[in-house]
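Each chain, written out:
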Amino acid sequence: DARLDVSSPALTPADLMRLWPVRVRPGTRQWFAENLTDGQLTDLTAGWRLHPGRAAQLALGFAFHNGAVRFMPNLPPITGGAGYATLAEDAFVLRLDRGQVLAAQGGAVDVGGSVLQIPNVRVKNAPMVLDLTSDSTITAALSVLDQPPFAYMTKAKLPVTLADGRAVAQAHVELPLKKPLTGAEVAFGATARLSRVRSRTLVPNRTLAGTDLDLTVDRTGMQISGRASLDGVPVSGMFTQTFGRSPPPSKVQGRITLSPQALDAFNIALPPGAVTGSGPGDITLTL
């Protein structure tokens, strides 16, 4: 029978690795060594128990600040991270109170409020679950989605500079902790609220603008819906883009306000005065 209780007011990640026995939870220890690469750990408490005929038990908890955490292979790490982590009953949970990911384009993505979980650290190639909350420019969010193993925008043959504006998103990601990792092994789904949106790419050579639009994205495709204006003409509907190596054309479907101004905006030449007033009409664009 053995028991060991440890506490420390402050440690670095390297200090933690020197104190953590190599044979105690080797998989979890390796995850810490590879993915918690910088920062200061505070208020650490840990307990280790060994009883005859039973596997050793380990529990620990700590807060951290100024941390650098790599949450997925090939994606930029979280920097400036602050929050806490616990390991108890074979489950590991890391909560970010603040932190950011510097995207390749579009600036930083604020990921405060995100939670990373490994439900059972004993399982080989254990699944990791990431519930990500983000606030960023639309370009930065799409830039992260275009990194391996996703590469969604490249597969859709769309630029990450698809639109200007802000995106507040919630994403759910599940993947096995294994190497190498393929895109097919990653379960992904996200929703976002897009504000102050402006694009001349979604509908080529036309200005699409919207105050608040809803975006959903998963491994199969992307949809953007809501009320907007197309070259100043009010329109409501949905933009749909399927992902894949040879995706079908994207589409815009919805309702548009027909008026003399709309006819002028879309260069529909009718005699002056032929149309007055306004009314709704259906619109379908295959791009």
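Structure's up top.
These numbers were taken from a predicted model, which means no experiment stands behind them.

Draft legend 1. Here's a closer look at the overall build of the chain. Counting secondary structure elements, the chain contains five helices and 15 strands. Relative to the globule expectation of 19 Å for 287 residues, the C-alpha radius of gyration of the chain, 25 Å, shows a markedly less compact shape. In terms of overall dimensions, the chain has a C-alpha envelope of 95 × 35 × 25 Å along the principal axes. Taking all 287 residues of the chain together, 42% fall into the buried category.

Draft legend 2. Examining the pairing of strand 13 (residues 233-242) more closely. Pairing geometry for strand 12 (residues 221-230) and strand 13, over ten bridges, is antiparallel. Bridge pairing links Ile 224 to Phe 239 in strand 13. Between strand 12 and strand 13, which pair antiparallel in sequence order, lie two residues; one of them, Asp 231, sits at a positive phi of approximately 50 degrees. With six bridges joining them, strand 13 and strand 14 (residues 251-258) adopt antiparallel strand pairing.

Draft legend 3. Up close: the environment of Gly 113. Along the chain, Gly 113 falls in the loop between strand 6 (108-110) and strand 7 (115-118). By relative accessible area, Gly 113 is classed as partly exposed at 22%. Sequence separation of Gly 113 and Gly 83 is 30 residues, and the distance between their C-alpha atoms is 9.1 Å. If we ignore the near neighbours within four places in the chain, the residues touching Gly 113 are Arg 95, Leu 96, Asp 97 and Thr 133.

Draft legend 4. Main features of the layout of surface pockets. Roughly 610 Å³ of internal volume is contained in the largest pocket. Looking at the lining of the largest pocket, the elements with two or more residues in it are helix 2 (26-35) and strand 9 (164-176). Of all the elements, helix 2 adds the most residues to the lining of the largest pocket, at seven residues. For the lining of the largest pocket, a count of residues per class yields 14 nonpolar, five polar and seven charged. Taken as a whole, the second largest pocket holds about 290 Å³ of empty space.

Draft legend 5. Representation of the packing of aromatic side chains within the structure. Under the counting rule described, the total for this entry stands at eight aromatic pairs. Ring centres of Trp 20 and Phe 32 lie 5.3 Å apart, and the angle between their planes is 55 degrees; on these two criteria the pair is classed as tilted. Here Trp 20 is found in the loop between helix 1 (13-19) and helix 2, whereas its partner Phe 32 is found in helix 2, with twelve residues between them in sequence. The exposure classification of Trp 20 matches that of Phe 32, with both residues buried. Ring centres of Trp 31 and Phe 92 lie 5.3 Å apart, and the angle between their planes is 55 degrees; this geometry places the pair in the tilted category.

Draft legend 6. Here's a closer look at helix 3 (residues 138-145). When you tally the buried positions in helix 3, you get seven out of eight residues, the bulk of the element. For helix 3, the set of buried residues is Ile 138, Thr 139, Ala 140, Leu 142, Ser 143, Val 144 and Leu 145. Looking at the buried side of helix 3, the elements it contacts are strand 6, strand 8 (127-137), helix 4 (152-155), strand 9, strand 10 (187-199) and strand 11 (208-218).

About the cut-offs
The written sequence of each chain sets the order in which its residues are numbered from 1. In keeping with the model being predicted, local features are shown solely for residues with a pLDDT of at least 70 and side-chain atom pairs are shown and tallied solely at 80 or more, while totals for entire chains, interfaces and linings include all residues. Hydrogens and water molecules were not included; the side-chain quantities draw on all heavy atoms of the structure. Here a helix means four or more residues in a row that DSSP labels H or I, a strand means two or more in a row labelled E, and each is numbered from the N terminus. A radius of gyration in this sense is built from C-alpha atoms; the matching globule rule multiplies 2.2 Å by the number of residues raised to 0.38. Classification of residues uses two cut-offs on accessible area relative to the type maximum, computed with a 1.4 Å probe and protein chains only: under 20% is buried, over 50% is exposed, and between them is partly exposed. Criterion used throughout: strands pair if DSSP finds at least two bridges between them. Note on definitions: a residue-residue contact is assigned when non-hydrogen atoms from the two residues lie within 4.5 Å. The method works on a 1 Å grid over the protein atoms by themselves. A cavity is a set of points holding a 1.4 Å probe that cannot get out, a pocket is an open set with protein on both sides within 12 Å along at least five of seven lines, and residues with an atom within 4 Å of a point line them. Grid points are joined across faces, edges and corners, and a volume is the space filled by probe spheres set on the points. Residue type decides the class: Asp, Glu, Lys and Arg count as charged, Ala, Val, Leu, Ile, Met, Phe, Trp, Tyr, Cys and Pro as nonpolar, and the leftover types, Gly among them, as polar. In this analysis, rings of Phe, Tyr and Trp, with Trp reduced to its six-membered ring, are considered paired at centre separations within 6.5 Å, and the interplanar angle assigns stacked below 30 degrees, edge-to-face beyond 60, and tilted for intermediate values.

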